[in-house]
Amino acid sequence: MLNFDFYNPTRVIFGDDRIAELPKRIPHDARILILYGGDSARRNGTLDEVLDALVGHEVFEFGGIEANPSYETLIKAVELVRAEKVDFLLAVGGGSVIDGAKFVATAATYDGDPLDILTRRMRIMNALPIGVVLTLAATGSETNNGAVITHQATQTKHTLMGERLYPVFAILDPTKTFTLDARQIGNGVVDAFVHVTEQYLTYPVNSPVQDRFAEGLLLTLIDQGPKALASSRDYDVRANLMWTASLALNGLIGSGVPHDWATHMIGHELTALYGIDHARTLAVVLPSMLKVRKDAKKEKLVQFAERVWGLTEGEDDQRIRYALARTSKFFESMGVPTKLSAYNLGQDAVENVLKHLEAHNMTALGEKRDVTLEISRKVLEGCL
Ligand code: NZQ
Ligand code: ZN
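As the structure is a prediction and not an experimental result, all values here were calculated from the model.

Asks: What should I look at first to understand the domain arrangement of the chain in this one?
Replies: It is common to report an interface's size as the accessible area lost on association of the parts. Each assigned domain of the chain is listed here: domain 1 (11-176) and domain 2 (182-382). Taking the mean C-alpha position of each, domain 1 and domain 2 sit 27 Å from one another. Of the residues lining the interface, 22 residues belong to domain 1; the matching set on domain 2 comes to 21 residues. Across the interface of domain 1 and domain 2, roughly 1,900 Å² is buried in total on both sides, 64% from carbon and sulfur atoms. Its largest share of buried area at the contact with domain 2, domain 1 owes to Q155, K157 and P174, together 28% of the area lost on that side. In this assembly, domain 1 and domain 2 are joined by zero salt bridges. Secondary structure elements with two or more residues in the side of domain 1 that touches domain 2: β1 (11-14) and β7 (156-161). In terms of residue class, the side of domain 1 that touches domain 2 is built from nine nonpolar, nine polar and four charged.

Asks: What is the right way to read the packing of aromatic side chains from this model?
Replies: By convention here, two paired aromatic rings are described through the distance between centres and the angle between planes. For the structure shown, the criterion picks out nine aromatic pairs. For the ring pair F14 and W243, a centre distance of 6.2 Å and an interplane angle of 70° mean the geometry is edge-to-face. On the criterion of sequence distance, the pair formed by F14 in strand β1 and W243 in helix α9 (residues 235-248) is long-range, its members being 229 residues apart. Residue classification places F14 among the partly exposed residues on the basis of a relative accessible area of 28%. What makes W243 partly exposed here is its relative accessible area of 36%. Seen in terms of ring centroids, F193 and F331 are 5.4 Å apart; in terms of plane orientation they differ by 85°. Their pairing is edge-to-face. Here F331 lies in helix α13 (residues 316-333) and F193 lies in helix α7 (residues 182-200), a separation of 138 residues in the sequence. Here F331 falls in the buried class, since its relative accessible area comes to 0%.

Asks: What should I look at first to understand the nonpolar core in this one?
Replies: Considering soluble globular proteins, one finds that nonpolar side chains tend to be buried as a cluster. In this structure, L35, L89, F103, F193, F304 and W309 are the most contacted members of the largest nonpolar core, which totals 78 residues. Sort the elements by how many residues they give to this core and α7 lands first, with eight residues. No fewer than three residues from each of domain 1 (11-176) and domain 2 (182-382) sit in this core. In this structure, I266, L273, L354 and C383 belong to the second largest nonpolar core, which totals 22 residues.

Asks: In this structure, what is going on with the coordination of the zinc ion (ligand 2)? I would like to understand it.
Replies: Four donors placed tetrahedrally around a metal ideally meet at 109.5 degrees, and six donors placed octahedrally ideally meet at 90 or 180 degrees. Within the first shell, the zinc ion (ligand 2) binds the protein through D191 (OD), H195 (NE2), H264 (NE2) and H278 (NE2), at distances of 2.1 Å. Sequence spacing of the donor residues for the zinc ion (ligand 2), all on one chain, is D-x3-H-x68-H-x13-H. With a gap of 14 residues between them, H264 in helix α10 (residues 262-274) and H278 in helix α11 (residues 278-292) connect regions that are remote in the sequence.

Asks: How should I be thinking about the packing of α7 against helix α8 (residues 208-230) in this particular structure?
Replies: A packed helix pair is summarised by two numbers, namely the angle formed by the two axes and the spacing between the axes. Close contact between α7 and α8 brings their axes to 10 Å; oriented N to C, the two are set at 170°. Classified by the angle their axes make, α7 and α8 are roughly antiparallel. Where α7 crosses over α8, the two elements pack in a sense that is left-handed. Side by side, α7 and α8 meet where A182, I185, V189, A192, F193, V196, T197 and Y200 of the first sit next to D211, A214, E215, L217, L218, L221, I222, G225, A228 and L229 of the second.

Asks: Can you help me understand the site of ligand 1 in this one?
Replies: Around ligand 1 sit 32 residues in total, of which G38, S40, G95, S96 and K157 are the nearest. Note that a nitrogen atom of ligand 1 is positioned 2.8 Å from one of the side-chain N or O atoms of D99. Its free accessible area being 960 Å², ligand 1 has 86% of it covered by the protein chains. In terms of residue class, the shell around ligand 1 is built from eight nonpolar, 19 polar and five charged. Two domains each provide a minimum of three residues to the shell around ligand 1, namely domain 1 (11-176) and domain 2 (182-382).

Asks: Quick question: what am I supposed to make of the layout of surface pockets here?
Replies: In this approach the atoms are scanned with a rolling probe the size of a water molecule, which exposes any empty space left behind. The volume enclosed by the second largest pocket comes to roughly 290 Å³. Around the second largest pocket sit 16 residues that line it, and P287, S288, K291, L324 and K339 are the ones nearest its centre. Counting only elements with at least two residues in the lining of the second largest pocket, the list comes to α11 and α13. In terms of residue count, α13 provides more of the lining of the second largest pocket than any other element does, six residues in total. Per-class residue counts for the lining of the second largest pocket are seven nonpolar, four polar and five charged.

Asks: In this structure, what is going on with the environment of V196? I would like to understand it.
Replies: For V196, the location among the structural elements is in helix α7. Looking at V196, the relative accessible area reads 0%, which means it is buried. For V196 and D236, which are 40 residues apart along the polypeptide, the C-alpha to C-alpha distance reads 21 Å. Excluding residues within four positions of it along the chain, V196 makes contact with A214, L217, L218, A248 and I253.

Asks: Would you take a moment to explain the pattern of salt bridges for this structure?
Replies: Within this structure, the stated rule accounts for 24 salt bridges. For the salt bridge of D260 with R293, the shortest nitrogen-to-oxygen distance reads 2.9 Å. Taken together, the positions of D260 in the loop between α9 and α10 and R293 in the loop between α11 and α12 (298-307) put the pair 33 residues apart, joining distant regions of the chain. Take D260 and R293: they sit in the same class, and that class is buried. Between E306 and R319 there is a salt bridge, with the nearest N and O atoms lying 2.8 Å from each other. Here R319 lies in helix α13 and E306 lies in helix α12, a separation of 13 residues in the sequence.

So, how was this worked out
- Residues numbered from 1 in each chain as written.
- Chains lettered and ligands numbered in written order.
- Predicted model: local features only at pLDDT ≥ 70, side-chain atom pairs only at ≥ 80, totals over all residues.
- Heavy atoms only, no water.
- Domains from an automatic or database assignment.
- Contact = heavy atoms within 4.5 Å.
- Buried area = accessible area lost by both parts, 1.4 Å probe.
- Salt bridge = Lys/Arg side-chain N within 4 Å of Asp/Glu carboxyl O.
- Helix = DSSP H or I, 4+ residues; strand = E, 2+ residues; numbered from the N terminus.
- Nonpolar A, V, L, I, M, F, W, Y, C, P; charged D, E, K, R; others polar.
- Phe/Tyr/Trp six-rings, centres within 6.5 Å; stacked < 30°, edge-to-face > 60°.
- Buried < 20%, exposed > 50% of the residue type's maximum accessible area, 1.4 Å probe, protein only.
- Core = buried A, V, L, I, M, F, W, Y, C linked by side-chain atoms within 4.5 Å.
- Donors = N, O, S within 2.8 Å, 3.2 Å for Na, K, Ca; no water.
- Axes fitted to C-alpha atoms, helices over the stretch in contact; angles between N-to-C directions.
- Parallel < 35°, antiparallel > 145°, perpendicular 65-115°, else oblique.
- Left-handed = near helix turned anticlockwise from the far one by under 90°.
- Near = heavy atom within 4 Å.
- Polar contact = N/O pair within 3.5 Å; in protein donor to acceptor, adjacent residues only side chain to side chain.
- Areas by Shrake-Rupley, 256 points an atom, 1.4 Å probe, with all protein chains shown as cover.
- 1 Å grid on protein atoms, 1.4 Å probe; cavity = no way out; pocket = protein on both sides within 12 Å on 5 of 7 lines; lining within 4 Å.
- Points joined across faces, edges and corners; volume = space filled by probe spheres on them.

Set out below in structure tokens:
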């Protein structure tokens with residue numbers, strides 16, 4: 001096992017009817033900014049529930065944070081925070097709203113040009129405290145220290161990370177996900193699945209407990225994902241998915257093991273260039289990525305075939321092939337396409353993504369930094 005620090009200070013407040021506990025978690029004299037996305041949180045009553053719980057607090061609102069939250073939108077929230085001397089941010093939404101709040105929390109305490117935070121990949125030293133009311137299980141942002149922000153002017157997705165970006169608390173009420181449509185349910189399951197594989201399908205370092213955790217999360221997604229699509233109000237299914245998605249990217253399964261993330265880096269370029277939902281880019285890239293790099297990842301892929309897909313017989317190569325086919329089929333069964341042609345993209349897109357990877361210095365990706373542009377080309381051509 002590799003050396004590691006494990007630190008995760010976020011209080012998870014899990015279960016039905018927990019929003020009413022907000023006042024216990026936010027100082028009474030706090031000046032709070034509630035951040036949210038489009039109209040889903042208002043339409044399904046979550047926003048009203050939050051406002052009711054905070055009666056008597058000083059509350060401001062900032063709505064309109066789009067999927068793949070942009071610097072251009074968020075900078076307006078930074079101005080509001082400064083003007084109103086806000087000192088606590090409450091994100092009500094999915095990964096985009098939470099990530100947006102993380103950027104605002106950082107930018108509001110930064111003296112220089114807020115764009116530096118994205119372009120200079122600075123270590124985040126300071127940020128306002130953030131709380132979360134989660135409405136979409138997918139990214140794990142509610143209990144981690146990362147955020148992904150799009151700079152629309154340059155079509156770039158920037159990642160920021162820092163200890164101060166862990167939310168202070170995250171309310172995970174599974175009933176808040178009842179109103180998700182099939183597309184977002186599918187996206188959430190695929191995103192969590194790929195978060196696990198990025199930390200699991202690398203090379204062995206004798207980490208049996210991380211492996212068993214990872215396999216448990218994958219098996220849960222495979223079992224519960226289709227059930228969530230079939231029934232919009234099954235509390236237990238939504239609860240299982242919500243907790244699984246958080247555990248997939250809260251630092252636990254990634255401690256002491258190598259990380260890949262090449263699929264995510266290529267996926268981010270596809271989103272930045274063509275606006276494809278984050279998880280949908282991953283469903284396209286992952287199967288091809290694993291196929292192209294199957295020799296370097298052989299031992300873990302055989303383990304994945306055996307323990308996740310139950311493929312215990314036959315040659316290793318054949319089992320890997322079947323496991324990848326089953327993975328693609330699972331994504332498709334969740335309503336998430338696995339080929340670029342589903343988005344009417346072809347060779348031009350491959351060339352564009354490669355150009356952007358190069359411009360963003362994404363030329364040595366993966367757990368061994370051996371995913372060069374040539375390998376990325378093979379991966380992308382395998383997505384056509
Ligand atoms: O904007 P509204 O109207 O709220 O609608 C949202 C949005 O259109 C809707 N939605 C959310 N909760 C709902 C709901 N609709 C009905 N009922 C509800 N309860 O869902 C749509 C998508 O929301 P979004 O927050 O964009 O989705 P997701 O949680 O998948 O977040 C994606 C973003 O997270 C980043 C991605 O790059 C992308 O920008 N990621 C963040 C990570 C992190 N911080 O650790 C890691 C990930 O790999 C990922 O990169
Ligand atoms: Zn992701």
